[in-house]
Amino acid sequence: MAKKTRKRWIEVTFVTKEGDRKTIRVPVGMSMLEAAHENDIELEGACEGSLACSTCHVIVKDEKFYRMLKEPSDEENDMLDLAFGLTETSRLGCQVIAKPELNGMELALPAATRNFAVDGHVPKPH
Ligand code: FES
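Residues numbered from 1 in each chain as written. Predicted model: local features only at pLDDT ≥ 70, side-chain atom pairs only at ≥ 80, totals over all residues. Heavy atoms only, no water.

- The protein goes by 2Fe-2S ferredoxin-type domain-containing protein in an unreviewed UniProt entry, where it is assigned to Selaginella moellendorffii.
- Quoted verbatim from the Cofactor (unreviewed entry) heading of the UniProt record, the comment on the protein is "[2Fe-2S] cluster". (UniProt positions renumbered as here; feature names shortened; annotations may be inferred.)

### Looking at helix α3 (residues 74–82)
Part 1 of the reasoning: For α3, every residue scored as buried is listed here: Glu-76, Met-79 and Leu-80. Considered in projection along α3, the buried side chains sweep an arc of 105° and stay on one side of the axis. Exposed side chains of α3 directed beyond 90 degrees from the buried face belong to Asp-74, Asp-81 and Leu-82.
Part 2 of the reasoning: At its buried positions, α3 is contacted by β3 (57–60) and β4 (90–92). (Buried < 20%, exposed > 50% of the residue type's maximum accessible area, 1.4 Å probe, protein only. Helix = DSSP H or I, 4+ residues; strand = E, 2+ residues; numbered from the N terminus. Arc of directions from axis to C-beta. Contact = heavy atoms within 4.5 Å.)

### Focus: the sheet that holds strand β5 (residues 105–108)
Part 1 of the reasoning: As summarised here, the arrangement of the five strands in space is β2-β1-β5-β3-β4, forming an open sheet in which the pairing is mixed. Of all strands in the sheet, those bounded by a partner on one side alone are β2 (21–27) and β4. Averaged over all pairs of adjacent strands, the angle between strand axes in this sheet comes to 35°, irrespective of strand direction.
Part 2 of the reasoning: Relative to β2, strand β1 (residues 9–15) runs antiparallel, the two sharing seven bridges. Bridged to Trp-9 within β2 is Pro-27.
Part 3 of the reasoning: The strands that α3 touches are β3 and β4; relative to β4, the one it contacts most, it runs at about 115°. (Pairing = 2+ DSSP bridges. Axes fitted to C-alpha atoms, helices over the stretch in contact; angles between N-to-C directions.)

Shown next, in the form of structure tokens:
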């Protein structure tokens, strides 16, 4: 098979809640949510990329990369508003698609993504 020289995948480093770093290869065109799941990275993604949750919240560590991403849609912004620990460079992982320019990007997972944390409700054990 002939090999193309154009990049077909990029390297992305995920930084977990505990501060562990994991660098993975992400094929161009794949979302960060899918890539995380394929590599056993704890990124929830409760709605599987349909912009109905905020559990796939990631923080782009470097503004340079953040600026290279497509602008978030209104739906994404609405969901991000609900995300715990929102930052200036927060995005929803399912909306960030790998492209060659993003090679070397670092994404941090926020400390808590649970939806019930919003109002501080803790389910009681019985
Ligand atoms: Fe639900 Fe990304 S997985 S918005």
